[in-house]
Every structure is written in C-alpha cells, then in structure tokens.
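Chain residues, written in single-letter form:
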Amino acid sequence: MKTHSLPIKISYGLTRFFIGPLIRAIWVKDHQNTHHIKRHKGGAIIAANHQSFFDFLCLASVSGRNIHFLSAEKFFKHRWWRKLMKITGQIRVDRHAEDKSAVHISVKDHVTRKQLVGIFPEGTRSPSATEMLKAYTGIARYALEHRIPIIPVGIKGAHEIHNIVDKKLNFKKSVRVAVGEPMYFEKYYDRGTDHEVLIEVTEHVMKKIEELSGKIYPHYESKGLAMVQ
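Just so it is clear, the model here is predicted, and its values are computed rather than measured.

Novice: Got a sec to walk through the environment of D194? Specific residues and values, please.
Specialist: Of note, D194 is situated in the loop between strand 7 (175-179) and helix 9 (195-213). Taking relative accessible area as the criterion, D194 reaches 27% and is therefore assigned partly exposed. Once the C-alpha coordinates of D194 and A178 are considered, the two residues, 16 residues apart in sequence, prove to be 30 Å apart.

If you want it as structure tokens, here you go:
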C-alpha cells in the first residue's frame, strides 16, 4: 500500500493521536521547537541521532506531521513492530541488498509528494551513551538531488530507556527532543555527485545534531568543518 494513500494517512494519524499522548506522558517530558517540523509544508529529510528503538516513537509522538522513516527489514518481520511499520507506512530498507534503487525511488516519491522522510544518518543505534557513530552521506545525497531541506533533530535520554546493550525498558527515565531550523544547501544543488560535498553537507548536519542532542560526533573529516571547530 502506498504511504500517500488515504488509508495510510488515516491509520498513521490515528496512531499518533492515540499512542502519541501515551509516549509523551511516560517518556517525552521535554520537546523543543517542533514547529520547525509542523510548519514546514514541503518535502524534507528529518535527520536525527540514533540510540534506541524508541527514537522513532518519541519523535513521531511530537512531530505534528507523519514521518516515513527508512527502517531495517527486521522491523517488518518482527511480530510486534511489523504491524506498526505497515499501518504507518514506513520505508523498508534491506540492509544486505546490493541494489538500493527501490529505496531511492521511494524517497523520491515521498518528497515529491511533499512528505517527510526520516533518516538516522548513523545507520544503526549507537552503543555509546555519549557518542554518535560515523554518519552515512545519504541525507546529503537526497537533499541535494531533490533540492529539499534537512531538518536536524537531537534526541537525548532514549539510550537510558532502552539501548542496544541493555534491552530492559526503563520507565523512570525521560527523553528530550530538540528540533533545529531547516537547513538549506542551495549552493551545492548542482554538486550532488561530488563526494567531498556530500561529506561536508553531512558533517554540517551532524554538527547541528551534536549541538541539539548533547552527543559527541567525533568523526569530522571535511576541511570546512575543521576550521569551524
């Protein structure tokens, strides 16, 4: 079923309406500047740090708009997550497939229809409570190719609730979600295949996520950012 179809829009909206308040009441005690997502009317990439399965739920609960995340194939096979993935129209990514053209086509379809695509640039959950993993440049590639902004998001506290090492659920900890202003990279729109440009754009975004999340990103490579630090 297409994620822009009316049934998906309704089921996703209802899921946010009923589950969102529960997630906020239990875990998301603080969310800042979510209007940057709510008021953005066009397509965009939502880029956030990743430490827990709860990152998706916490962000969706405060976003105010449906976000279609690139999600690993394992979630579509899991007995608990499978149904949620389908009724909210998440984008399946087979991490072991060499051909990712279907994912690229899906992203294009979403942003062309002015939808939001959520991506965790690190690719998987960081095992560290303080540091992020090295980011992939997919967020930059999509932003430049489709000429859309990247909206950075910092999530803090999800690691303490549930993480890749300690899988027990903690009901005593809380999450803070901080959203930054949309980041536009118009001057790079015609250089979307330049690897150095992709790295620089990605690192600009990761630096902002670093500020928003309070998590360290120790993987800077581009000369432009080296001068900023």
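Novice: Outline a positive patch on the surface, supporting the account with residue identities and numerical values.
Specialist: Together, K77, R82, K83, K86 and R92 make up a positively charged patch on the protein surface. Top element by residues in the positive patch is helix 5 (residues 81-87). It accounts for three residues. When you line up the elements, K86 lands in helix 5.

Novice: Provide a residue-level description of the sheet that holds strand 2 (residues 44-48), including the pertinent values.
Specialist: Pairing is mixed in the open sheet, where seven strands are placed in the order 1-7-6-2-5-3-4. At either end of the open sheet lies a strand with only one pairing partner, and these are strand 1 (28-32) and strand 4 (91-93). Averaged over all pairs of adjacent strands, the angle between strand axes in this sheet comes to 25°, irrespective of strand direction. Of the strand pairs in this sheet, strand 6 (residues 150-156) and strand 7 are connected by four bridges, and their pairing is antiparallel. Following the sheet pairing, V153 is matched in strand 7 by V179.

Rules behind the numbers
- Residues numbered from 1 in each chain as written.
- Predicted model: local features only at pLDDT ≥ 70, side-chain atom pairs only at ≥ 80, totals over all residues.
- Heavy atoms only, no water.
- Helix = DSSP H or I, 4+ residues; strand = E, 2+ residues; numbered from the N terminus.
- Buried < 20%, exposed > 50% of the residue type's maximum accessible area, 1.4 Å probe, protein only.
- Patch = residues over 30% accessible without salt bridge, like charges linked within 9 Å, V, L, I, M, F, W, Y side chains within 5 Å.
- Areas by Shrake-Rupley, 256 points an atom, 1.4 Å probe, with all protein chains shown as cover.
- Salt bridge = Lys/Arg side-chain N within 4 Å of Asp/Glu carboxyl O.
- Lys, Arg positive; Asp, Glu negative; His and termini not counted.
- Charge placed at Lys NZ, Arg CZ, Asp CG, Glu CD.
- Pairing = 2+ DSSP bridges.
- Axes fitted to C-alpha atoms, helices over the stretch in contact; angles between N-to-C directions.

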